[in-house]
Amino acid sequence: MYEGVIIEKLFTKDLRFPTSLNSDGSDAMHTHPDYSCAYVILETNTGQKAHGMTFTLGRGTEVVICAIKALENLIIGQKVQDIYNNFGDFWRKLTSDNQLRWIGPEKGVMHLATAAIVNALWDLWARLEGKPVWKLLVDMSPEQLTSVIDFRYITDVITKDEAIKILKEKEDNKKAREFDLIKNGYPAYTTQVGWLGYSSEKVKSLCKKYLDQGFTAFKVKVGQNLDEDKKRCAMVRENIGSSNVLMVDANQVWCVDEAIDWMKSLAEYKPLWIEEPTSPDDILGHAKIAQALKQYGIGVATGEMCCNRVMFKQFLQAGALEFCQIDSARVGGINEILSIYLMAEKLKVKVCPHAGGVGLCEMVQHLQFWDYVSLSGTKEGKYIEYVDQQHEHFKTPVVIKSAAYMPPTDPGYSSEMFPSTMEKYEFPKGTYWQELANNK
Ligand SMILES: [Mg+2]
């Protein structure tokens, strides 16, 4: 179908937005983030362009760009038909270069670079098919869908045959769910009310703003000071009422036992989950926290910095998370994320994606839509994170109606930014950064 279409060029952009100026995105671990991304543009010999990215916090984006460039020769000159006919095999090639693999493998900067490229490849595929990514995924047969996944290292939890069987069992009501999705969208929760650097007045007014918009679930950052956390949680709880949902997020600041003690002190505010209580690598630590907090009705949520499907597999096996927070710009892009959804479905863990940042809402909605229509078949007790920032840079930004993500119809992965954004925010040569340097 794409006979003769070859990927001819790969461009990268280091894009940084000065979000630290207003404490937007601030949490206990990342006090002054400049929301940024390592951005990839692919161009084919037919002139088709595609866009992908991975999210970063400012400094270090240049390191990810360097890693993307190191992978470039595995992409340039490839026939797109060869990639999409055997996408699982191609994904393995991309992550298995026999020299580059040493500086991963499948983790850290190399895997962020992989995600940026793979996201662009999915944007390209969806554009060639004339569909949004969620619809491209929904329309795939179970056999096609599983052909994009590298099952190496996870067959002790799920094999390709089992994945096909699970997907086939869910085929009956797909049309009805797709119809429901288009009509009603998918529930969102907001993190906008509780960035750690925000004043009490700002938090209060934001609670009102998002309640008025129909939001019923609100997340607050915690972990720097227990007394302050108590005040903030009490205030948010008072403002959102007892029937709405409160989540809290510590962004990895605690040791395991400290996390348990701290959360016992916040239990009276009835949080649904504690997110990233400790190191994102500590599977058994998370399991201990989950076990200890069960009696308080607090679940453990994590995943936004979980580096690959093997780690997710162990988190799921160990009962270390109740809410699995896949991230569209981490692990090795969509191919690997699909394998995590399949494992979560098999082990009956809810997936509530991480979003916000730059382009994360735009991309991850597609995956959760697919999960609802084709895999889990339910939205019950699940939400996609929503942060109302950086959407203005995207050609097809997310659409939120009555606190629900509405599925996009434009072809692609919703990941294309305006050229004017790139001219202004490319680091360090964009006009914004040049002006800042000249005024110092
Ligand atoms: Mg978080």
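Residues numbered from 1 in each chain as written. Predicted model: local features only at pLDDT ≥ 70, side-chain atom pairs only at ≥ 80, totals over all residues.

If you check an unreviewed UniProt entry, the chain appears there as Mitochondrial enolase superfamily member 1 from Nezara viridula. What the UniProt record of the chain gives under Sequence similarities (unreviewed entry) is the line "Belongs to the mandelate racemase/muconate lactonizing enzyme family. ENOSF1 subfamily." Per UniProt, the chain carries the Cofactor (unreviewed entry) text "Mg(2+)". (UniProt positions renumbered as here; feature names shortened; annotations may be inferred.)

**Q** Hey, could you go over the nonpolar core for me, with residue numbers and the actual values?
**A** Formed by 134 residues in total, the largest nonpolar core has its most connected members in Ile68, Ala113, Ala116, Ile117 and Phe218. At 15 residues, helix α4 (residues 108–129) tops the list of elements feeding residues into this core. Filtering out sequence-adjacent residues up to four positions away, Ala116 remains in contact with Ala38, Val40, Gly52, Met53, Thr54 and Ile68. (Core = buried A, V, L, I, M, F, W, Y, C linked by C-beta atoms within 7 Å. Buried ≥ 20, exposed ≤ 12 C-beta atoms within 10 Å, placed from the backbone. Helix = DSSP H or I, 4+ residues; strand = E, 2+ residues; numbered from the N terminus. Contact = placed C-beta atoms within 7 Å.)

**Q** Explain the environment of Thr190 to me, and be specific about the residues and the numbers.
**A** Looking at the secondary structure, you find Thr190 in strand β4 (residues 186–194). Between the C-alpha atoms of Thr190 and Ala403, which are 213 residues apart in sequence, the distance is 8.7 Å. When neighbours within four sequence positions are excluded, Thr190 is seen to be in contact with Tyr210, Phe215, Phe218, Lys219 and Tyr386.

**Q** Which residues make up helix α11 (residues 256–266), and what values go with them?
**A** Residues of α11 that are buried include every one of Ala259, Ile260, Met263 and Leu266, and no others. All buried residues of α11 fall inside an arc of 125° around its axis, so they share one side. Buried positions along α11 lie against α10 (226–240), β6 (245–249), β7 (271–275) and α12 (283–293). (Arc of directions from axis to C-beta.)

**Q** Explain the pairing of β4 to me, and be specific about the residues and the numbers.
**A** In terms of burial, β4 is a largely internal element, nine of the nine residues being buried. Bridge count between β4 and strand β11 (residues 384–386): three bridges; the pairing is parallel. The partner of Thr190 across the bridge, within β11, is Tyr386. By the bridge criterion, two bridges tie β4 to strand β5 (residues 217–221) in an arrangement that is parallel. The partner of Gly194 across the bridge, within β5, is Val220. Between β4 and its parallel partner β5, the chain crosses via helix α9 (residues 200–212), and the hand of that crossover is right-handed. (Pairing = 2+ DSSP bridges. Right-handed = clockwise from strand over helix to strand, strands pointing away.)

**Q** Lay out the sheet that holds strand β3 (residues 49–56) with the relevant residues and their values.
**A** In a beta sheet, neighbouring strands are held together by backbone hydrogen bonds and run either parallel or antiparallel to one another. In spatial order, the strands read β1-β2-β3; together these three strands make up an open sheet with antiparallel pairing. Strand pairing shows two members of the sheet lacking a second neighbour, β1 (7–16) and β3, which therefore form its edges. With strand direction ignored, the average angle separating the axes of adjacent strands in the sheet is 20°. With eight bridges connecting them, strand β2 (residues 36–44) and β3 associate as antiparallel partners. In the sheet register, Ser36 faces β3, and the bridge partner there is Thr56. Those strands touched by helix α1 (residues 61–71) are β1, β2 and β3, and its axis lies near 175° from that of β1. α4 contacts β2 and β3 of the sheet and is inclined by roughly 150° relative to β3. (Axes fitted to C-alpha atoms, helices over the stretch in contact; angles between N-to-C directions.)

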